[in-house]
Amino acid sequence: MTEQVLIGGYTRRVGKGIYRGIFDATTATVSDIQPYIKLDNASYLAISKRNILYTVIKDGEQGGIAAYDLTQDSPTFLNAVLAVGAPPAYVAIDEERQLVYAANYHKGEILVYRIQADGRLALASTTVHEGHGPRPEQASAHVHYTDLTPDKRLVVCDLGTDELTTYSVDDTGQLTQVATYKSTPGFGTRHLVFHPNHKTAYLLGELSSEVTVLEYHATDGSFTALNTYSMLPNDWHKANGGAAIRVSKDGNFLYASNRGYNSIVVYAISEDRRRLREIQQMSTDGEFPRDFNLSADDSFLLAVNQNSDNGTLYRRDAVTGLLSACQKGLSTPEGVCVLFH
């Protein structure tokens, strides 16, 4: 059985935009990685149930989100909604309300788009964060993640203010703030993933290289911190930035990437889902693994290294959660987003 895998990336050096490869679970390989959609700064991707791709795009001095129809043999450009300035860093789809959310790191901005009948996008609303944190990287608000809670609120990570903010969303895409969780100063709130139980979430701090276990309160959209864990060995004192975070579908294991130490750290999740235990630090065999993802059945993990332009495919043991490399040296130019499709 094969799956397509899309790899989004930067185009600052050698990257061409979005690449497509063929993942074969039987042979444990990713093959035929080729340019698929040539566009600037395709740093994050999401695909709707209608097989419409929504991707970050940079066009000259403007940035925004573009839509491509993937239902035919070749992708068809639908439209792009652009604004002056840097492009977003994250994109997510709300199938129920037919909305798309984007996080603009440089502007500290949340963008909400309406999905039109033909899959095209139209801007619905913008919300700008203000504030700062104690570290040099936190001179202003930096929205880095905009995605849904299990009960369909919007939750937003702001790396600049160390905040996790929850919004209610109406059917037109207008946001109303309902709760804010404040991380420890300098945490660098970057990405969030929910446990399948819908009650626990795991928050990644880019600047502190830590993961905080949170309890989610569906009654009011708030979060409470339970425990915090380092992503690094005790003897690592060089620069590092936490990046991506994923949880296995069975809810037993958590994975996160280190940029600097260049690894995937693996945690076993306790039965009560409130505690983590580190069980592995697996090298990504490259530099700066900004993103990775699990295959559809969770049996494999693909990590891409932004600075060394290479990817590694790992087999994942469903019982132990441990990773073992099965294919190294994949060509993934400036890869920063992995999406099995």
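Further up the page is the structure itself.
Residues numbered from 1 in each chain as written. Predicted model: local features only at pLDDT ≥ 70, side-chain atom pairs only at ≥ 80, totals over all residues. Heavy atoms only, no water.

Engineer: Just checking my understanding: could you explain the packing of aromatic side chains for this structure?
Structural biologist: Two aromatic rings are characterised by how far apart their centres lie and by the angle between their planes. If you walk through the whole model with that rule in mind, you get nine aromatic pairs. Here the aromatic rings of Phe23 and Phe340 are separated by 5.4 Å at their centres, their planes lie at 75°, and the arrangement is edge-to-face. Of this pair, Phe23 sits in strand S2 (residues 17–24) while Phe340 is found in strand S28 (residues 335–340), placing the two residues 317 residues apart along the sequence. A single burial state applies to Phe23 and to Phe340, both of which are buried. Ring geometry for Trp236 and Tyr261: centres 5.0 Å apart, planes at 70°, overall edge-to-face. Taken together, the positions of Trp236 in the loop between strand S19 (222–230) and strand S20 (241–247) and Tyr261 in the loop between strand S21 (253–259) and strand S22 (263–269) put the pair 25 residues apart, joining distant regions of the chain. By relative accessible area, which is 23% here, Trp236 ends up partly exposed. When its relative accessible area of 28% is taken as the criterion, Tyr261 is described as partly exposed. (Phe/Tyr/Trp six-rings, centres within 6.5 Å; stacked < 30°, edge-to-face > 60°. Helix = DSSP H or I, 4+ residues; strand = E, 2+ residues; numbered from the N terminus. Buried < 20%, exposed > 50% of the residue type's maximum accessible area, 1.4 Å probe, protein only.)

Engineer: Explain the pairing of strand S14 (residues 163–169) here, please?
Structural biologist: For a regular strand, the rule is simple: side chains alternate between the two faces of the sheet. Counting buried positions over the seven residues of S14 gives five, a clear majority of the element. Connecting strand S13 (residues 154–158) to the next strand, S14, in antiparallel fashion are four residues, including Asp162 with a positive phi near 60°. Strand direction decides the pairing type here: S14 and strand S15 (residues 175–182), joined by seven bridges, are antiparallel. Paired with Glu163 across the strands is Lys182, a residue of S15. (Pairing = 2+ DSSP bridges.)

Engineer: Where do I start with unusual backbone geometry in this structure?
Structural biologist: The phi angle of most residues is negative, glycine excepted, and most peptide bonds adopt the trans form. Even without being glycine, Asn262 reaches a positive phi, approximately 55°. Position of Asn262 relative to the elements: it lies in the loop between S21 and S22. Positive phi, close to 50°, is recorded for Glu334, a residue that is not glycine. Considering the arrangement of structural elements, one finds Glu334 in the loop between strand S27 (323–331) and S28. Taking the relative accessible area as the measure of exposure, Glu334 reaches 3% and is therefore buried.

Engineer: Would you explain the sheet that holds strand S24 (residues 291–294) in this entry?
Structural biologist: By definition, the strands of a sheet pair up through backbone hydrogen bonds, in either a parallel or an antiparallel sense. An order of S24-S25-S26-S27 is seen for the four strands of this open sheet, with the pairing classed as antiparallel. The open sheet has two edge strands, S24 and S27, and neither has a second partner. Taking the axes of each pair of neighbouring strands and ignoring which way they run, one obtains an average angle of 20° across the sheet. For strand S25 (residues 300–305) and strand S26 (residues 310–316), the ladder comprises six bridges, and the chain directions are antiparallel. Each bridged residue has a counterpart across the sheet, and for Phe300 the counterpart in S26 is Arg315. (Axes fitted to C-alpha atoms, helices over the stretch in contact; angles between N-to-C directions.)

Engineer: Can you walk me through the sheet that holds strand S3 (residues 29–38) in this structure?
Structural biologist: With antiparallel pairing, four strands are arranged side by side in an open sheet as S3-S2-S1-S28. If you trace the sheet from one side to the other, it starts and ends with S3 and S28, each paired once. Each adjacent strand pair in this sheet contributes to an overall mean axis angle of 25°, direction not counted. Across five bridges, strand S1 (residues 2–9) lies against S28 in antiparallel orientation. Residue pairing for S28: Gly9 is matched across the bridge by Gly335.

Engineer: What is the right way to look at the state of the cysteines in this model?
Structural biologist: Note on terminology: a disulfide is the covalent bond linking the sulfur atoms of two cysteines. Tallied over the full model, the rule gives zero disulfides. The thiol of Cys337 is unpaired, and the distance to the nearest cysteine sulfur, on Cys157, comes to 16 Å. (Disulfide = S-S within 2.5 Å.)

Engineer: Just checking my understanding: could you explain the pattern of salt bridges for this structure?
Structural biologist: Close approach of charged atoms allows side chains of opposite charge to pair. The full count for this structure, using the stated rule, is 13 salt bridges. Ionic pairing is found between Asp94 and Arg97, a salt bridge with its closest N-O pair at 2.6 Å. Taking the shortest distance from any N to any O, the salt bridge between Glu215 and Arg274 comes out at 3.8 Å. Remark: Arg274 occurs in the loop between S22 and strand S23 (276–283) and Glu215 occurs in strand S18 (residues 210–217); sequence separation between them is 59 residues. For Glu215, a relative accessible area of 28% translates into the label partly exposed. Residue classification places Arg274 among the partly exposed residues on the basis of a relative accessible area of 34%. Residues joined in a network through salt bridges with shared partners are Arg190, Glu206 and Arg259. (Salt bridge = Lys/Arg side-chain N within 4 Å of Asp/Glu carboxyl O.)

Engineer: Is there a simple way to think about the side chain of Asp298 in this case?
Structural biologist: With respect to the secondary-structure elements, Asp298 resides in the loop between S24 and S25. Residue class for Asp298 comes out buried when judged on its relative accessible area of 4%. A distance of 2.6 Å separates a polar atom in the side chain of Asp298 from the backbone nitrogen of Lys249. (Polar contact = N/O pair within 3.5 Å; in protein donor to acceptor, adjacent residues only side chain to side chain.)

Engineer: Where do I start with the nonpolar core in this structure?
Structural biologist: As a rule of thumb, nonpolar side chains are buried together in soluble globular proteins. The biggest cluster of nonpolar side chains holds 59 residues, and the ones touching the most others in it are Ile18, Tyr54, Leu164, Leu192 and Phe223. For Phe223, the residues in contact, after removing those within four places along its chain, are Val155, Leu164, Thr166, Tyr181, Leu192, Phe194, Ala201, Leu214, Glu215, Tyr216 and His217. (Core = buried A, V, L, I, M, F, W, Y, C linked by side-chain atoms within 4.5 Å. Contact = heavy atoms within 4.5 Å.)

Engineer: Please clarify how the pairing of S21 should be interpreted in this entry.
Structural biologist: Across the seven residues of S21, seven count as buried, placing the element largely inside the fold. Judged by which residues are buried, S21 turns out to be covered on both faces: Phe253, Tyr255, Ser257 and Arg259 on one side and Leu254, Ala256 and Asn258 on the other are all buried. The pairing of S20 with S21 spans five bridges and is antiparallel. Looking at the pairing, Gly242 lines up with Asn258 of S21. Sheet topology note: the S21/S22 ladder contains six bridges and is antiparallel.

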